[in-house]
Amino acid sequence: MASSTRALLLSCFHGGGGSEVSRLLVLRPRYPSMPRRPKATAVAGEGGGGGGGDGDLEAAASVEDEEEKVAVFEVSGMTCTACAGSVEKAVKRLPGILDAAVDVLGGHAQVVFYSAFVSEDKIRETIQDVGFEAKLIDEEVKEKNILVCRLHIKGMTCTSCASTIESILQGVPGVHRASVALATEEAEIRYDRRIVAASQLTHAVEETGFEAILITTGDDQSRIDLKVDGTLNERLIMIMKSSVQALPGVEDIKVDTELHKITISYKPDQTGPRDLIEVIESAASGDLTVSIYPEADGRQQHRHQEIKRYGQSFLWSLVFTIPVFLTSMVFMYIPGLRDGLEKKVINMMSIGELLRWILSTPVQFVIGRKFYTGAYKAISHGSSNMDVLIALGTNTAYFYSVYSILRAATSHNYMATDFFETSSMLISFILLGKYLEILAKGKTSEAIAKLMDLAPETATMLIYDHEGNVVSEKEIDSRLIQKNDVIKVVPGGKVASDGFVIWGQSHVNESMITGESRPVAKRKGDTVIGGTVNENGVLHVRATFVGSESALAQIVRLVESAQMAKAPVQKFADEISRVFVPLVIILSLLTWLAWLLAGRFHGYPKSWIPSSMDSFQLALQFGISVMVIACPCALGLATPTAVMVATGVGASQGVLIKGGQALESAQKVDCIVFDKTGTLTIGKPVVVNTKLLKNMVLREFYDYVAAAEVNSEHPLAKAIVEHAKKFHSGENYIWSEARDFISMTGHGVKAEVSDKGVLVGNKSFMLSSGIDIPVEALEILTEEEEKARTTILVAMNQEVVGIISVSDPIKPNAREVISYLKSMKVESIMVTGDNWGTANAISKEVGIENVVAEAKPEQKAEKVKELQLAGRTVAMVGDGINDSPALVSADVGLAIGAGTDVAIEAADIVLMKSNLEDVITAIDLSRKTFFRIRMNYVWALGYNIIGIPIAAGVLFPSTRFRLPPWVAGAAMAASSVSVVCWSLLLRYYKSPKLGR
């Protein structure tokens, strides 16, 4: 409807050619139109008088050539023609406005203007100044063209690599924002598909020297990759293409004969993967078998491949490194072996030196080639990373050793000293560290893997005949489910897709999605979530949301986006990493020069220098140790690994945290503003108390009342009927017939039920019906109203027989939650639009002292801002549309999962279970996460602050202790692993238990 209205509105101005339809449809302005151009311009254009000249003529010509523009705004808040008139009048006062018309029913304003004199932004601001919200409809079109692309990037080693790729992507035209995460090895790019394609983004990354794999382009809802088993020839390909393209909704088809892969773009509301597969198989006359291409878990496959590759590289490095280590460190102390290794081959070059040269060369240039390629990529783009330090350190050791033994081979008296064990052992230890680091990083994303594994592999689809009877069942791949398919779910089976129950009843365990531990009863009409487990009973479920539209897919996508979002504290690490590597290179050179100059000009005591070294070689070892011990990787991993684990753990407990910014803000919260209805309370009326004034069975009492109220649509009536159902075991209990039913709006109902005249309503309804209210009943009414409860009187045969109290009860543990927050030094405030009486009663019941009642949505936001101005870090907990302004204004917005989509969209954290205890979980988890992050920074910085001076030899003069380069390299590798492992401890997080 909205799109057709916009098309109609735009046609009024783009009719062209004097279209009669356009002239009839155009909205007539209520006020005289402004001149076609601003007065000053029109005068200039006339060229009258003696001062016209060429300049005036050019100005007039430029105005004549100025193209008229049409802008359509969506205006919200207009209620009558007076509103529309005020908007139209304000817009027409602007210079450059040719015409303006406002449609109060459609909520649109159409403006024809000259862009040289006024802009769309100025028009929108003018409408907003009048007091209405305005949005340029073209912006909606732009938003539809803004997609989010995700890339997996291979080869990043530290934050410097990530920063380089990020800056390259930011410079691509059409890219609005790019974020690169080292921990996940992924890039998230927000781009305009009208300007740049996802393939161009991949190419931009690959031009920097890294490998990029496209995960999603942002519009993959309408694209599927199919695998074809069978022999493909030109005839079959032509038949397949023509058959598929004939289907409604198919936009494009590509066939890769080498991979036996078919990629099809389609409109999901017109066709689906199962239809596509059936058409291809039937077109091929049974010669081909088609299935979904097995690429769903590509990132996990890549991670396994990477783990395998580093593991193999490490093992191969050991094959060469262990002999190098033995010949240089062990065999030299065994007399027989030492003599053999020291035997000269050419002049002063020994067998041991030659062996070490031969064995270390494959480690340096074959196994360690990734460090060369990584260093080259970084340097070629004007940056530096960990690979640069490793390449410099190992090359220095290797090529100095080559120089030393070649000099020995050409000399009769020069004794060579080689460091081949330094370069080969350094590379081996770094490979081991990377292997362990990738293993540990893989565990940080286990939560996403577990979520993705929730969906069943297969589903049982029911086939119906034309009369709606089930004629057969068919087992299909769950990824082939399409909208409106009916899926059979057996006891113990998983629900294959989101949908609603059309037959059967059961209990469904939703803990894996929502964190709710108790199974939820499901019957006809109830919604179910894909990935949940059916406890008992058979259910027939009609699929509503499939594929990327499902709740499970959206949760996974939200967690993935959260893991990509950088916390502000990450900027600290990024700034250090940007200058870290160049600074370390300078430090290592200064260390080498300092020790070299000290040895040359002042001399070392003989006890300082090992017998196999001279002062130059000792200084060289110190310089290499400084270069390889410095580790920016640990700094770069300190924040993202902790955020990844925390968001995953939160998701598993029903708390969806939208990134590092939300985590960082939540851990600072010292004040929480609660909405009342649906947040502190359940959000719907329920019967909380019943008082009988006559001797009768309670079930019989409610049978009469429900029989009368079941005909009413009032929320209180529905609450009474639901309560009455509890006295009967059957779900579809049939109430007695109510004759002569009359509903008095705002007062109550009356009817004849069986042999009695039943009246259900408020006090005024009873009095107007001539029924006396006894003193006992009046006392009960007063008592219940003091508790902010709604009281309903029940009369039978003109006599009051009972009083029903209905209320929106507070949620379980609400009081305990407020008390626990107080112990966490977090103040609780209630801000509600309800009346003061109800607000005070609820606040007293839950233990909140600070209350604001009768607050409008904008007043809730103002209260939040008032607290922020007082220096408080404020969280807002709400569930409705009226809470959205406050959720956005707060430092942290927490939306109740059962609330509206608007509230959930506006929030930073979503509480899936709608339990108040999860507010505590969100704050406690964020505090523990940032404790881990701080400790990670303490370790990463402390390691470098302490390790670099020791590697530089500050302890050597007094203790003779020096750190060999290969030991320094091992320590560097261990630092990254330790940071990741410290973050991984968050996997064992347990939310606080109330009452402890």
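Here the structure is shown first, and the text comes after it.
What you see is a predicted model, and the numbers here were worked out from it, not measured in a lab.

A. Just the overall build of the protein chain, in detail. The helix and strand tally for the protein chain stands at 37 helices and 36 strands. Residues counted as buried form 49% of the 996 residues belonging to the protein chain. Once local pairs closer than 6 in sequence are excluded, the contacts in the protein chain between residues at least 24 apart make up 70%. If you sum the accessible surface of the protein chain, you get close to 46700 Å²; carbon and sulfur atoms cover 56% of it.

B. A look at the sheet that holds strand β19 (residues 506-509). In space, the three strands of this open sheet follow the order β20-β19-β22, with antiparallel pairing throughout. Only two strands of the sheet have a single neighbouring strand rather than two, namely β20 (520-522) and β22 (533-536). Strand-to-strand, the axes of this sheet are offset by a mean angle of 40°, without reference to chain direction. The sheet contact formed by β19 and β20 spans three bridges and is antiparallel. Following the sheet pairing, H507 is matched in β20 by A521.

C. Layout of the sheet that holds strand β16 (residues 470-477). Reading across from one edge, β16-β15-β17-β23-β18-β21 is the order of the six strands in this open sheet, with antiparallel pairing throughout. Of all strands in the sheet, those with a lone pairing partner are β16 and β21 (527-528), marking the two edges. Note that strand β17 (residues 486-489) and strand β23 (residues 539-545) share four bridges and pair antiparallel. Within β23, the position partnered with V486 by the bridge is R542.

D. Representation of the packing of helix α22 (residues 615-629) against helix α37 (residues 965-984) in the model. Look at α22 against α37: their axes get within 8 Å of each other, and the N-to-C directions meet at 10°. Classified by the interaxial angle, the pair formed by α22 and α37 is roughly parallel. Packed against α22, whose contacting residues are Q621, I624, S625, V628 and I629, the element α37 presents P965, A968, G969 and M972 at the interface. Split by residue class, the contact of α22 with α37 holds six nonpolar, three polar and no charged.

E. Highlighting the pattern of salt bridges. Under the definition given, this model contains 17 salt bridges. With a shortest N-O distance of 4.0 Å, K668 and E664 are connected by a salt bridge. A relative accessible area of 47% means that K668 is categorised as partly exposed. One salt bridge in this structure joins D924 and K928, with 3.0 Å as the shortest N-O distance. Of this pair, D924 and K928 are both found in helix α35 (residues 917-952), four residues apart, which corresponds to roughly one turn of the helix. Its relative accessible area of 11% is what places D924 among the buried residues. Judged by relative accessible area, K928 falls into the partly exposed class, the value being 38%.

F. Molecular detail of the packing of aromatic side chains. Tallying each qualifying case throughout the model produces eleven aromatic pairs. Ring centres of F365 and Y372 lie 5.8 Å apart, and the angle between their planes is 25°; on these two criteria the pair is classed as stacked. Judged by its relative accessible area of 25%, Y372 falls in the partly exposed class. Grouped by ring-pair contacts, the aromatic residues F365, Y372, Y398, F399 and F420 constitute a single cluster. Between the NZ or CZ atom of R407 and the centre of the ring of Y414, over which it lies, the distance is 4.1 Å.

G. Helix α15 (residues 369-380), seen in detail. The terminal C-alpha atoms of α15, which comprises twelve residues, lie 16 Å apart, in line with the 16 Å expected from a rise of 1.5 Å per residue. Every buried residue of α15 is listed here: F371, G374, A375, K377 and A378. Projected onto a plane normal to the axis of α15, the buried residues spread over an arc of 160° and lie on a single side. Among the exposed residues of α15, those pointing more than 90 degrees away from its buried face are R369, Y376 and I379. Following α15 by one or two positions, G382 adopts a phi angle in the positive range, close to 75°.

H. Seen up close, the pairing of strand β34 (residues 874-878). When you tally the buried positions in β34, you get five out of five residues, the bulk of the element. Burial along β34 is two-sided: the residues V874, M876 and G878 and A875 and V877 are all buried. Sheet analysis places strand β25 (residues 671-674) next to β34, joined by four bridges and oriented parallel. Each bridged residue has a counterpart across the sheet, and for C671 the counterpart in β34 is V874. Pairing between β34 and strand β35 (residues 892-896): four bridges, direction parallel. The residue bridging G878 from the neighbouring strand is A895, located in β35.

I. Structural detail: the nonpolar core. Formed by 131 residues in total, the largest nonpolar core has its most connected members in I189, I672, F674 and I909. Among the elements that line this core, the one with the most residues is α35, at 13 residues. Beyond its immediate sequence surroundings of up to four residues, F674 is in contact with T679, L680, I818, L821, S828, I829, M830, V831, I848, V877, L916 and V919. M696, Y702, A724 and V801 belong to the second-largest nonpolar core, a separate cluster that totals 26 residues.

J. Structural view of a nonpolar patch on the surface. Together, L583, I586, L587, L590, L593 and L597 give the surface a local cluster of nonpolar side chains, amounting to about 520 Å² of exposed area. Here L593 shows up in helix α21 (residues 570-602). Residue classification places L593 among the partly exposed residues on the basis of a relative accessible area of 37%.

K. Broad picture of the side chain of S665. Tracing the chain through its elements places S665 in helix α24 (residues 660-666). Apart from residues lying up to four places away in sequence, S665 is in contact with T873, D891 and V892.

L. Quick peek at the packing of helix α30 (residues 814-823) against α35. Packing of α30 against α35 leaves a shortest axis separation of 9 Å and a crossing angle of 25°. Between α30 and α35, the angle falls in the class roughly parallel. For the pair α30 and α35, the contacting residues are V817, Y820 and L821 in the first and E917, I920 and I923 in the second. Taken together, the residues of the contact of α30 with α35 sort by class into five nonpolar, no polar and one charged.

What counts and how
- Residues numbered from 1 in each chain as written.
- Predicted model: local features only at pLDDT ≥ 70, side-chain atom pairs only at ≥ 80, totals over all residues.
- Heavy atoms only, no water.
- Helix = DSSP H or I, 4+ residues; strand = E, 2+ residues; numbered from the N terminus.
- Buried < 20%, exposed > 50% of the residue type's maximum accessible area, 1.4 Å probe, protein only.
- Contact = heavy atoms within 4.5 Å.
- Areas by Shrake-Rupley, 256 points an atom, 1.4 Å probe, with all protein chains shown as cover.
- Pairing = 2+ DSSP bridges.
- Axes fitted to C-alpha atoms, helices over the stretch in contact; angles between N-to-C directions.
- Parallel < 35°, antiparallel > 145°, perpendicular 65-115°, else oblique.
- Nonpolar A, V, L, I, M, F, W, Y, C, P; charged D, E, K, R; others polar.
- Salt bridge = Lys/Arg side-chain N within 4 Å of Asp/Glu carboxyl O.
- Phe/Tyr/Trp six-rings, centres within 6.5 Å; stacked < 30°, edge-to-face > 60°.
- Lys NZ or Arg CZ within 6 Å of the ring centre and 35° of its normal.
- Expected span 1.5 Å × (residues − 1).
- Arc of directions from axis to C-beta.
- Core = buried A, V, L, I, M, F, W, Y, C linked by side-chain atoms within 4.5 Å.
- Patch = residues over 30% accessible without salt bridge, like charges linked within 9 Å, V, L, I, M, F, W, Y side chains within 5 Å.

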